[in-house]
Amino acid sequence: MLIKNSSNGFVHPLASEITPASVYLGRRELMRRMAGGAAGVALASWAGRSAMAQTAATGKLAPLVGARSAVAGAVSMDKVTDYKDASTYNNFYEFGTDKADPAKNAHTLVTSPWTVAVEGLVKQPRNYAIEDLLKLSPQEERIYRMRCVEGWSMVIPWVGYSLANLIKKVEPLGSAKYVEFVTQADPKTMPFVGSRVLEWPYVEGLRLDEAMNPLALLTFGMYGQVLPNQNGAPVRLVVPWKYGFKSGKSIVKIRFTDKEPQTAWNKAAPSEYGFYSNVNPGVDHPRWSQASERRIGEDGLFAKKRKTLLFNGYEAQVGQLYAGMDLKKFF
Ligand code: MTE
């Protein structure tokens, strides 16, 4: 059930659809925090704490923490997905097409040294060593819902900064209209590069104004640690209002262009995967409905599917990017 706010025309989920704090904190813990007079702070920091608590279970990766993001909409209060699910149920076709393959196979990815080339229609093209890219802007923690085109979703605490911060630094020319993201394709370290399921390297793209939206996250970590290889180390994109495949992993090149980039999935199946790929319950995939989703970790016998929200629930933040566009045509 959705309600429309008449002042801005945006659609928001009903408050009753947001998990009540008493459910995810446990009633006793909530009472304790409220008695401490810090309910608001407690609520705002809950998800971060839960992420940090999960860090302990994640093993040996280097810590990477970010300050809680102040960007509007950047911190979902949904229950965070278990680290184990987020790091063992993956799509990273360079390491195999089964969900369990990336966690098994991605240990061969070499993430250091790593350089990201920023090139094309910019005043300041530059090769960034990953260490310099990491330091370009303060790290923030963002808790985003991620909706995969296959019909499942997760809620993940990412660490990174707005891609816009990098874009401003390299100063796009007036002619730049799109940003292309080219990812690593090394057959020596990525066993399925060369398989015929996709054309390699895996390429994704955004319109420049989409890339400038503060929610588009250049991502270096999750759950308070650097990214595990299977989640796209050492740097990936996370675009929470688009289907998960728009979030390219293990990026090596960011190129500014005046033409819409040819993306890997669009090339593989143009009628199924458009350039925009905004999460949209009203536009079915040609072979299945996109109206609902299964939240990973909630898949017990009686778990109900969730309704998928337009723009994955981020309409207030990104809806204006698509004003006047026919989203059935530009799917
Ligand atoms: N990036 C690369 N390089 N290769 C891939 O196969 N899969 C995409 C995206 N980025 C993919 C990729 C898809 S289909 C999804 S749903 C997300 O990564 C999954 O991210 P996650 O495994 O961290 O949840």
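Residues numbered from 1 in each chain as written. Predicted model: local features only at pLDDT ≥ 70, side-chain atom pairs only at ≥ 80, totals over all residues. Heavy atoms only, no water.

(A) The arrangement of the site of the ligand in detail. Around the ligand sit 16 residues, and of these Asn-90, Tyr-93, Glu-94, Arg-236 and Lys-249 come closest. Separating an oxygen atom of the ligand from a side-chain N or O atom of Asn-90 is a distance of 2.8 Å. Note that a nitrogen atom of the ligand is positioned 3.3 Å from one of the backbone N or O atoms of Asn-91. In isolation the ligand exposes 540 Å². Once the protein is present, 98% of that is buried. In the shell around the ligand, the residues fall into six nonpolar, seven polar and three charged. (Near = heavy atom within 4 Å. Polar contact = N/O pair within 3.5 Å; in protein donor to acceptor, adjacent residues only side chain to side chain. Areas by Shrake-Rupley, 256 points an atom, 1.4 Å probe, with all protein chains shown as cover. Nonpolar A, V, L, I, M, F, W, Y, C, P; charged D, E, K, R; others polar.)

(B) Local environment of the nonpolar core. Ranked by internal contacts, the top residues of the largest apolar core, which has 79 residues, are Leu-133, Trp-241 and Phe-256. For this core, the leading source of residues is strand E7 (residues 152-162), giving seven residues. The contact partners of Trp-241, leaving out residues within four places of it in the chain, are Glu-210, Asn-213, Leu-215, Ala-216, Asn-278, Val-279, Phe-311, Asn-312, Tyr-314, Val-318, Leu-321 and Tyr-322. (Core = buried A, V, L, I, M, F, W, Y, C linked by side-chain atoms within 4.5 Å. Buried < 20%, exposed > 50% of the residue type's maximum accessible area, 1.4 Å probe, protein only. Helix = DSSP H or I, 4+ residues; strand = E, 2+ residues; numbered from the N terminus. Contact = heavy atoms within 4.5 Å.)

(C) Local environment of the pattern of salt bridges. Going through the model one piece at a time under the given rule, you end up with 17 salt bridges. We note a salt bridge from Lys-253 to Glu-119, for which the minimum N-O separation is 3.8 Å. One end of the pair, Lys-253, is in strand E13 (residues 251-257); the other, Glu-119, is in strand E4 (residues 115-120), and 134 residues separate them in sequence. For Lys-253, a relative accessible area of 29% puts it in the partly exposed group. The class of Glu-119 is partly exposed, set by a relative accessible area of 27%. The partner of Lys-259 in a salt bridge is Asp-258, with the nearest N and O atoms 3.5 Å apart. Classification of Lys-259 by relative accessible area gives exposed; the value is 59%. Here the salt bridges do not stand alone but share partners, grouping Asp-78, Arg-147, Glu-293 and Arg-295 into one network. (Salt bridge = Lys/Arg side-chain N within 4 Å of Asp/Glu carboxyl O.)

Purely geometric numbers; function is a separate question.
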